[in-house]
Amino acid sequence: MGRSFEDLVTEAAAVSVAGWDFGWLDGRASEQRPSWGYQRLIGARLRKVGAALDIQTGGGEVLAGAGPLPPTMVATESWPPNVAKATQLLHPLGAVVVADPDEPPLPFGDNAFDLVTSRHPVTVWWAEIARVLRPGGTYVAQHVGDASVFELVEYFIGAQPEEIRRRRNPADDRAAATQAGLDVVDLRYERLRVEFGDIGAVTYFLRKVPWMVPDFTVDRYLDRLRTLHDEIEANGPFVAHSTRFLIEARKN
């Protein structure tokens, strides 16, 4: 016998969603990882530079696991619980965490960094990235792509128009980076399988990533959650697909 709907949802609604660590979903949900191995990739870059910036670092988990950091390492984050978590995690590694509203301008001078990184930024201010990079410096990031996990999004809020589905299209980021004066030297895109094994995993995910279903609360979507729970119990995991792209842009 599986756990009850009420038990699963109550547990998922109570757990903390601070930080950017999805470890709570281990054994309950899975997501195929991009082939390029973002954390390993930026780790190799960080070892070769003197000054780096990680934008929208979340709780600092990805940067902390990337390996030795350069002599000058700065991370920005806007959400206060994540600022506190990233500070606790990254300060012992030699990184400074700056509370930043994720709006231009970045709180740094021109030509400040050899490398700028970001994993899953909510917003990308290309002109600011170009400004703070030194000539010859690079921006290396993994972005969320278009219509990511939209099977789940549309399950809760219905079919979305094409202009919504194509937001975060990698071609748009290529054009914006080029317009900011950067040369895009690498762009790779993958569509990846995601499975949610129980309704608790779905509830936690929608709380953790609140922009997916912006008005999500358990009470507001209780009937839809219950229906999805019954479907998972009858048919197995709910399957969706995330989209990710790796982009590298260089300042001439």
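Residues numbered from 1 in each chain as written. Predicted model: local features only at pLDDT ≥ 70, side-chain atom pairs only at ≥ 80, totals over all residues. Heavy atoms only, no water.

Draft legend 1. Structural context of the layout of surface pockets. In this structure, the largest pocket occupies an estimated 1000 Å³ of space. Along its surface, the largest pocket is lined by 42 residues, and Glu-31, His-120, Val-144, Phe-205 and Arg-244 are the ones closest to its centre. For the lining of the largest pocket, the elements supplying multiple residues, two or more each, are strand 1 (29-31), helix 2 (38-46), helix 3 (61-64), strand 6 (133-144), helix 6 (150-157), helix 7 (162-165) and strand 7 (182-196). Broken down by class, the residue content of the lining of the largest pocket amounts to 22 nonpolar, nine polar and 11 charged. Quantified by volume, the second largest pocket comes out at close to 330 Å³. Taken together, the residues that form the lining of the second largest pocket break down as six nonpolar, six polar and five charged. (1 Å grid on protein atoms, 1.4 Å probe; cavity = no way out; pocket = protein on both sides within 12 Å on 5 of 7 lines; lining within 4 Å. Points joined across faces, edges and corners; volume = space filled by probe spheres on them. Helix = DSSP H or I, 4+ residues; strand = E, 2+ residues; numbered from the N terminus. Nonpolar A, V, L, I, M, F, W, Y, C, P; charged D, E, K, R; others polar.)

Draft legend 2. How the structure looks around the nonpolar core. Ranked by size, the top nonpolar core spans 34 residues in total, and within it Leu-152, Phe-156, Phe-196, Val-202, Leu-206 and Leu-228 carry the most contacts. Broken down by element, the residue count for this core peaks at six residues, all from helix 9 (residues 199-208). In contact with Phe-156, other than residues within four places in its own chain, are Val-202, Leu-206, Val-213, Tyr-221, Arg-224, Leu-225 and Leu-228. (Core = buried A, V, L, I, M, F, W, Y, C linked by side-chain atoms within 4.5 Å. Buried < 20%, exposed > 50% of the residue type's maximum accessible area, 1.4 Å probe, protein only. Contact = heavy atoms within 4.5 Å.)

Draft legend 3. Expanded view of the pairing of strand 7. Where strand 1 and strand 7 come together, three bridges link them in antiparallel fashion. When the bridges of strand 7 are listed, Ser-30 appears paired with Glu-195. Two elements, strand 7 and strand 8 (residues 238-251), share 14 bridges in a ladder whose sense is antiparallel. Bridge assignment links Phe-196 to a residue of strand 8, and that residue is Phe-238. (Pairing = 2+ DSSP bridges.)

Draft legend 4. Summary view of empty space enclosed by the protein. If you walk through the whole model with that rule in mind, you get two cavities of 30 Å³ or more. Quantified by volume, the largest cavity comes out at close to 110 Å³. Along the walls of the largest cavity sit 14 residues, with Ile-55, Gln-56, Leu-106, Thr-123 and Trp-125 positioned nearest its centre. Reported here for the second largest cavity is a volume of approximately 80 Å³. Residue lining of the second largest cavity: Trp-20, Tyr-38, Ile-42, Asp-54, Gln-56, Thr-57, Val-62, Leu-63 and Arg-119, and that is the complete set. Considering only residue class, the lining of the second largest cavity consists of five nonpolar, two polar and two charged.

Draft legend 5. A look at the sheet that holds strand 6. Within the open sheet, the eight strands sit side by side as 1-7-8-6-5-2-3-4. Their pairing is mixed. Each end of this open sheet is capped by a strand with a single partner; those strands are strand 1 and strand 4 (95-99). Across the sheet, the axes of successive neighbouring strands diverge by a mean angle of 15°, strand direction being ignored. With three bridges joining them, strand 2 (residues 51-54) and strand 5 (residues 113-119) adopt parallel strand pairing. Note that in strand 5 the partner of Leu-53 across the bridge is Val-116. Sheet strands in contact with helix 6 are strand 7 and strand 8, and its direction is about 125° off that of strand 8. (Axes fitted to C-alpha atoms, helices over the stretch in contact; angles between N-to-C directions.)

Draft legend 6. Molecular detail of the packing of helix 9 against helix 10 (residues 222-235). Relative orientation of the contacting elements helix 9 and helix 10 amounts to 135°, with a least axis distance of 9 Å. One element, helix 9, and the other, helix 10, form an angle in the oblique class. Residue-level contacts link Ile-199, Val-202 and Thr-203 of helix 9 to Leu-225, Leu-228, His-229 and Ile-232 of helix 10. For the contact of helix 9 with helix 10, the per-class residue count stands at five nonpolar, two polar and no charged. (Parallel < 35°, antiparallel > 145°, perpendicular 65-115°, else oblique.)

Draft legend 7. Representation of the packing of aromatic side chains in the model. All told, the structure shown has nine aromatic pairs when counted by the stated rule. Between the aromatic rings of Trp-126 and Tyr-139, the centroid separation amounts to 5.1 Å while the plane-to-plane angle is 75°, which identifies the pairing as edge-to-face. Highlighted residues: Trp-126 in helix 5 (residues 126-132) and Tyr-139 in strand 6, separated in sequence by 13 residues. There is no split in this pair, since Trp-126 and Tyr-139 are both buried. Ring geometry for Phe-156 versus Phe-216: centroids 6.2 Å apart, planes at 90°, classification edge-to-face. Of the two residues, Phe-156 is situated in helix 6 and Phe-216 in the loop between helix 9 and helix 10; the sequence distance between them amounts to 60 residues. Of the two residues, Phe-156 and Phe-216, neither departs from the other in class, the shared state being buried. An aromatic cluster of three or more residues is present, and its members are Tyr-155, Phe-156, Phe-216, Tyr-221 and Phe-238. (Phe/Tyr/Trp six-rings, centres within 6.5 Å; stacked < 30°, edge-to-face > 60°.)

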